[in-house]
Amino acid sequence: MRSVFLILLIAASFAAAQEIDPPRDSMDFFFGAGAWMPGLLNDDNQLEVGSVFMGGVETPMSQGDQFRLSIGGGMCNSDREHFDGITAIMLNLGYRTYPFYRPYAGARGLEPFVGFTAGGIVVWDSVEETVSGSEESSSTGGAMIGFELGARMKINEGTFFDITLDGDWVPIGGDVAGEEDLSGIRIQGSLVF
């Protein structure tokens, strides 16, 4: 009887030491890419859908929310005469919360999130090579404030995939490629590891 009790005690302590879903208590890195659609608030928007890429670091989400620091860039073509397109560099600090997160819920395959972002953007345009050379390239910068919706999907124990829809308000106040406002949306996929 004593040996059975000892075996059960050892088995119970071994089972308690095993973690089915490891704790999320370390910093994570992410890298992603997607589509960028700036200038959606302009009546005379001539920018095409472009590409965007982002990378960065995020705090642990062991409590169901986290902060993220990201840097990246985007580019898109322009249909406006004399302009090829625009290029941008973005720096954002974001906050996310996972409303359905439960720390002891076991393996989770899908976790929706909502969040806010704030940061800055630097944008410059590229001018077509013309004979007269009357147009000059210009650049500007300013604030970037946004809201994001998305979901995190588990790939394996330490890797996740995020799909995100970001709405960005970018009142840069400059005239880049003939555009007055670059507010729009970004749709991105990111690998978190």
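Up top you'll find the structure we're talking about.
Residues numbered from 1 in each chain as written. Predicted model: local features only at pLDDT ≥ 70, side-chain atom pairs only at ≥ 80, totals over all residues. Heavy atoms only, no water.

Trainee: Go over unusual backbone geometry with me, naming the residues and quoting the values.
Mentor: A positive phi angle, close to 80°, is found at histidine 82, a residue other than glycine. One can find histidine 82 in the loop between strand E3 (65–77) and strand E4 (83–97). Backbone geometry places alanine 177, a non-glycine residue, at a positive phi of 55°. You can call alanine 177 buried: its relative accessible area is 0%. (Helix = DSSP H or I, 4+ residues; strand = E, 2+ residues; numbered from the N terminus. Buried < 20%, exposed > 50% of the residue type's maximum accessible area, 1.4 Å probe, protein only.)

Trainee: Can you break down the pairing of strand E5 (residues 110–127) residue by residue, with the values?
Mentor: Here 14 bridges tie E4 to E5, and the two strands are oriented antiparallel to one another. Bridging from a neighbouring strand, leucine 91 pairs with glycine 120 of E5. Across 15 bridges, the pairing between E5 and strand E6 (residues 139–156) is antiparallel. Directly across from valine 114, in E6, lies its bridge partner leucine 149. (Pairing = 2+ DSSP bridges.)

Trainee: Describe the side chain of aspartate 125, with residues and values.
Mentor: Looking at where aspartate 125 falls in the secondary structure, it is placed in strand E5. Despite its burial, aspartate 125 remains without a salt bridge, the nearest opposite charge being carried by arginine 80 at 8.8 Å. If sequence neighbours within four positions are ignored, aspartate 125 has contacts with Phe83, Gly85, Ile86, Ser137, Ser138, Val176 and Ala177. (Lys, Arg positive; Asp, Glu negative; His and termini not counted. Salt bridge = Lys/Arg side-chain N within 4 Å of Asp/Glu carboxyl O. Contact = heavy atoms within 4.5 Å.)

Trainee: Go over empty space enclosed by the protein with me, naming the residues and quoting the values.
Mentor: Scanning all chains against the criterion turns up 1 cavity of 30 Å³ or more. Here the largest cavity defines a volume of roughly 150 Å³. For the largest cavity, the lining is made up of 15 residues, of which Arg68, Ser70, Thr117, Glu148 and Gln188 are closest to its centre. Element by element, the count of residues in the lining of the largest cavity is highest for E4, at 4 residues. Here the lining of the largest cavity is built from residues that sort into 3 nonpolar, 7 polar and 5 charged. (1 Å grid on protein atoms, 1.4 Å probe; cavity = no way out; pocket = protein on both sides within 12 Å on 5 of 7 lines; lining within 4 Å. Points joined across faces, edges and corners; volume = space filled by probe spheres on them. Nonpolar A, V, L, I, M, F, W, Y, C, P; charged D, E, K, R; others polar.)

Trainee: Please provide a residue-by-residue account of the pairing of E4, values included.
Mentor: Inspection of the sheet shows E3 paired to E4 by 13 bridges, in the antiparallel sense. Residue glycine 74 lies in a different strand from E4, and its bridge partner there is alanine 88. In this antiparallel pair of consecutive strands, E3 and E4, the connection spans 5 residues, and histidine 82 shows a positive phi of 80°.

Trainee: Could you give an account of the nonpolar core, with specific residues and numbers?
Mentor: As a rule of thumb, soluble globular proteins bury nonpolar side chains together. In this structure, Trp36, Ile86, Met90, Ile121, Val123 and Leu182 are the most contacted members of the largest nonpolar core, which totals 17 residues. Sorting the residues of this core by element identifies E4 and E5 as the ones contributing at least two each. Beyond its immediate sequence surroundings of up to four residues, isoleucine 86 is in contact with Trp36, Pro38, Leu47, Gly74, Met75, Cys76, Val123, Trp124, Asp125, Val176, Ala177 and Leu182. (Core = buried A, V, L, I, M, F, W, Y, C linked by side-chain atoms within 4.5 Å.)

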